[in-house]
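Structural characterization, general
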Amino acid sequence: MGKVRELPVKKGEVACQDGVVVTLDYCRFCAHSKAMRVKGEWITSPARAYCLRSRVVQQIDLSKVEAVQCDDDGSEGFRSIMNIIS
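Quick look at the structure, then.

1. So, the pairing of strand β4 (residues 33-38)
Counted residue by residue, β4 has five buried out of six residues, so it is predominantly covered. Here β4 pairs with strand β5 (residues 41-44) via four bridges, running antiparallel. Considered in β5, the bridge of V38 is made with E41.

2. Considerations on the side chain of D72
Along the chain, the position of D72 falls in the loop between β6 (65-70) and α3 (82-85). For D72, the contacting residues outside a window of four places in its chain are R5, H32 and G77.

3. A short note on the pattern of salt bridges
Opposite charge on two side chains makes pairing possible when the charged atoms of those side chains draw close. Considering all chains together, one arrives at four salt bridges under this definition. In this structure, D25 and R28 form a salt bridge, with 3.3 Å as the shortest nitrogen-oxygen distance. Classification of D25 as partly exposed rests on a relative accessible area of 40%. The partly exposed category is assigned to R28, whose relative accessible area is 30%. We note a salt bridge from K64 to D61, for which the minimum N-O separation is 4.0 Å. Since its relative accessible area comes to 43%, K64 is described here as partly exposed. Residue classification places D61 among the partly exposed positions, given a relative accessible area of 38%. In the salt-bridge network here, residues are joined through shared partners; they are E6, R37 and E66.

What counts and how
Residues numbered from 1 in each chain as written. Predicted model: local features only at pLDDT ≥ 70, side-chain atom pairs only at ≥ 80, totals over all residues. Heavy atoms only, no water. Buried < 20%, exposed > 50% of the residue type's maximum accessible area, 1.4 Å probe, protein only. Helix = DSSP H or I, 4+ residues; strand = E, 2+ residues; numbered from the N terminus. Pairing = 2+ DSSP bridges. Contact = heavy atoms within 4.5 Å. Salt bridge = Lys/Arg side-chain N within 4 Å of Asp/Glu carboxyl O.

Structure below.
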């Protein structure tokens, strides 16, 4: 994986790519989503937990997410984990 970007969350949305704003529902199912920050603590994203087969991950209250760590350095945008885990 490439460089990790920290994307601020505003009103439950994040600027995934230039000019593309998505809800956190997309991030939690995106293969590029590495972690989500809640109350200053980075928590492994649900997408990464599935991809790494570390199925133990705490529930994340998306309404409290402050930022998302994203390793999409190629401007691919949303890539569903469903293709990876199916």
